[in-house]
Amino acid sequence: MLTTHNRAYLLPRVLDALMRQSLAPDRFEVVAVDDGSTDETPAVLAAYRHRLPLRTVRQAPSGLAAARNLGVFMSRAPVLLFLDDDDVADCDLLVSHLAMHLRRPEMTVAVLGFTDLDAAIAPLPLMRHVTGVGGQLFCYGWMQPQQGLSFREVWGGRTSCKRSLLIEHGVFNPAFRFGCEDVELGWRLDAVGLRVIYEPAARSTMIRELSFGDFCRRSIRQGRSQWLFASLHRAPAVREYCEIDRALALWPEVKGDFAAILRRAEGLDRMMLQRGPAAPTLSSASQTEVDEAYAQAFFLCRAKGIADAASLPPGPPRSDSSGVPRFAVRPGQGMPADRII
Amino acid sequence: MLRVLIAGIYLADRPNTAGHLLYELAGSGAHEVTQRWTALAPGGEGYCDLPCTVSIKIAPVPKFKLVDAVTRDADAFDWVLICDDDIELPAGFLDAFLGLAEQFDFALCQPARTADSYIDHGIVMRMTGLSARRTRFVEIGPLVAIRQDAIPLLLPFGDDCGMGWGLDLIWPRIIEGAALRMGIIDATPVAHRLRKPASAYDHQGESLAMFRRLAAHPHLPRDQAFTVLDAYV
């Protein structure tokens, strides 16, 4: 299942990779959900309609969770693999996911695949940080093959599961337009026994470069979603995962310096980019200084997102009641039943 | 003007939204609406004097038996709506909902539910990016609309239908077998948040009855039923 929004420039590489799968085309289908793209996405998808077992569906822009829900119910296969529109599948990606599901046929078993960075972006200092020592994007360093993982590792663009698990026990919460939609679903499925198995043979490659500004904006949105996640599920494990208390404690102290902290980190990022990949390796102390600057900047962006969301007036306990104002139910004042009878 | 029959049931002894529903449905400007509500008042408790109350039951009677009782002349209507008493409607609901049902040629349909509703089956939750979906599943409640050409296929439900569990897996076989279409309308969602579904009756007995019903009738397995066939922006 491929959900996409305004990434027409990347889709040909993503779809070409699906044409090269070792799994025979009659053993899978691709359901592409276009989340209201305004670029050439519909035309690109149409061009692949006869080259792949591809079905496309379009919705008005509603966010990642809503798009994935539509894909879940449009799909027919018993196993669903969620793909991002900036990840290129290795030729054995599908067969590796499927093999693990055949080995572990229990409905509650999901599979996390491995995602690497494309060679063109792997040397970039920011990309290296957020997939390495920082781990803000993804980080596999601590995982062992076939290791059992928790709801925290339900990572949307690289996870597969049985369709029956979702249709029987819960789909994505459409209130999450970006960020946490996957982990929040994982948290709910954890209650019915979700087990996530790491399968590094199921490989994909991220091909989209994120700039410093991109990652700051992403982190702010992530923070807002984390506040929503923690508000929906008032469990200590969720609050801890989302680092709500740390963020709310830190933000008032540093918000006055927020812009300066970002400027400094951005300056270091620019300096690292100018050095280029051929430059000599930084000293350990200098590399640590750069990594700490990134980590501080991105955490503060998340803290800003959390604090911004926390400052809003409390909404309904669950989202999307739009169009249906709450009707005030009052005890009836009418005639008792026995008198009418 | 199309004729619409509302077959509603309300629990007289519990908080309900029947008054709100009566008012909203009566406000249709594009349909001629006939409302027939049945009050369930166990032991004679509760308030049963809402307008359009045509029957009061003081002993338990299964929902679909009550619906049968007020839809004997259903074929005289263009649409029959079966309505529970614990939902909230957006303003102008009926005309917008049935307008979309006609537009997408659904013979059996229901409004999607807001995400803050009680939801047993995720497929009925509103998909905010869509106007409607053609589906293989329309849940037995809280609001179901049956078009004139599907009325003889689905009504009467019969005395053994009880609370109707499992009918929503049988309906797609019937509707698709007649080359008709069914779906969920997302643009006119209803909120179903007053009380949990099936909170007012015996789960175990209904569950047993459901399996007997499914054994006796062709039906879709759940994984096939929970499918969207087409989506409309």
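Residues numbered from 1 in each chain as written. Chains lettered and ligands numbered in written order. Predicted model: local features only at pLDDT ≥ 70, side-chain atom pairs only at ≥ 80, totals over all residues.

Looking now at the packing of helix α10 (residues 244-254) of chain A against helix α12 (residues 284-311) of chain A. Residues and elements named next belong to chain A. Closest axis-to-axis distance for the α10/α12 pair is 8 Å, and the angle between their directions is 95°. When the axis of α10 is compared with that of α12, the two are roughly perpendicular. Note on element contacts: α12 touches α10 through L300, R302, A303, K304, I306, A307 and A310, opposite I244, A247, L248, L250, W251 and V254. (Axes fitted to C-alpha atoms, helices over the stretch in contact; angles between N-to-C directions. Helix = DSSP H or I, 4+ residues; strand = E, 2+ residues; numbered from the N terminus. Parallel < 35°, antiparallel > 145°, perpendicular 65-115°, else oblique. Contact = placed C-beta atoms within 7 Å.)

With that settled, the discussion passes to the nonpolar core. Nonpolar side chains in soluble globular proteins generally cluster together in the buried interior. Core analysis: the biggest nonpolar cluster contains 162 residues, and L70(A), A7(B), V80(B), L81(B), L108(B), C109(B) and I146(B) have the highest contact counts within it. Residue contributions to this core reach at least three from each of two domains, namely domain 1 (2-210) and domain 2 (214-311) of chain A. Other than its neighbours up to four places away in sequence, L81(B) contacts V4(B), I6(B), A7(B), L143(B) and A145(B). (Core = buried A, V, L, I, M, F, W, Y, C linked by C-beta atoms within 7 Å. Buried ≥ 20, exposed ≤ 12 C-beta atoms within 10 Å, placed from the backbone. Domains from an automatic or database assignment.)

Attention now goes to the confidence of the model for chain B. Within chain B, residue pLDDT values average 95, and 98% of them lie at 70 or more. Model confidence for the complex: the whole-complex pTM is 0.92, and ipTM, which rates the interface, is 0.93. (pLDDT = per-residue confidence, 0-100.)

All names here are of chain B. Checked against the element boundaries, L155 lands in the loop between α4 (151-154) and α5 (167-177). For the pair L155 and V80, spaced 75 residues apart in sequence, the C-alpha separation works out to 10.0 Å. Excluding anything up to four places from it in sequence, L155 contacts T71 and A74.

Turning to the pairing of strand β2 (residues 30-35) of chain A, a few remarks are in order. Residue and element names in this part refer to chain A. Among the six residues in β2, six count as buried, and that is most of the element. With burial as the criterion, each face of β2 is covered, one bearing V30, A32 and D34 and the other bearing V31, V33 and D35. Summarising the sheet, strand β1 (residues 2-4) and β2 pair through three bridges and their orientation is parallel. Bridge pairing links L2 to A32 in β2. (Pairing = 2+ DSSP bridges.)

Another aspect to go through is α12(A). Relative to the 40 Å expected for 28 residues at 1.5 Å per residue, α12(A) spans 40 Å between its end C-alpha atoms, a close match to the ideal helical length. Where α12(A) is buried, its residues contact α5 (125-130), α8 (212-232), α10 and α11 (258-275) of chain A. (Expected span 1.5 Å × (residues − 1).)

Another point: helix α7 (residues 181-190) of chain A. Residues and elements named next belong to chain A. Burial within α7 is extensive, with eight of its 10 residues counted as buried. Those residues of α7 not exposed but buried are E181, D182, V183, E184, L185, G186, W187 and L189. Where α7 is buried, its residues touch α3 (64-74), β8 (159-162), α6 (163-169), α8 and α9 (236-241).

In this section: the packing of α8(A) against α12(A). Residues and elements named next belong to chain A. Axis separation between α8 and α12 bottoms out at 7 Å; the angle between their running directions is 45°. Compared by their axis directions, α8 and α12 come out oblique. Two packed elements cross with a definite hand, and for α8 against α12 that hand is right-handed. Contact with α8, carried on its side by F215, C216, S219, I220, R221, Q222, G223, R224, Q226, W227 and L228, involves A297, F298, C301, R302, A303, K304, G305, I306, D308, A309 and A310 of α12 and no other residues of that element. For the contact of α8 with α12, a count of residues per class yields 12 nonpolar, five polar and five charged. (Left-handed = near helix turned anticlockwise from the far one by under 90°. Nonpolar A, V, L, I, M, F, W, Y, C, P; charged D, E, K, R; others polar.)

A separate point is the domain arrangement of chain A. Residue and element names in this part refer to chain A. Splitting chain A by domain gives domain 1 (2-210) and domain 2 (214-311). Each of domain 1 and domain 2 has a C-alpha centre, and the two are 25 Å apart. Residue assignment for the side of domain 1 that touches domain 2 shows that the elements contributing at least two residues are α5 and α7. It is α5 that provides the largest number of residues to the side of domain 1 that touches domain 2, a total of four residues. Looking at the side of domain 1 that touches domain 2 residue by residue, the classes come out as 11 nonpolar, four polar and two charged.

Residues and elements named next belong to chain B. Sheet architecture is open: nine strands sit in the order β3-β2-β1-β4-β7-β5-β8-β6-β9, paired in mixed fashion. Of all strands in the sheet, those with a lone pairing partner are β3 (53-57) and β9 (228-232), marking the two edges. Across the sheet, the mean angle separating the axes of adjacent strands is 20° when strand polarity is ignored. In terms of strand pairing, strand β5 (residues 108-113) meets strand β8 (residues 182-190) through five bridges, oriented parallel.

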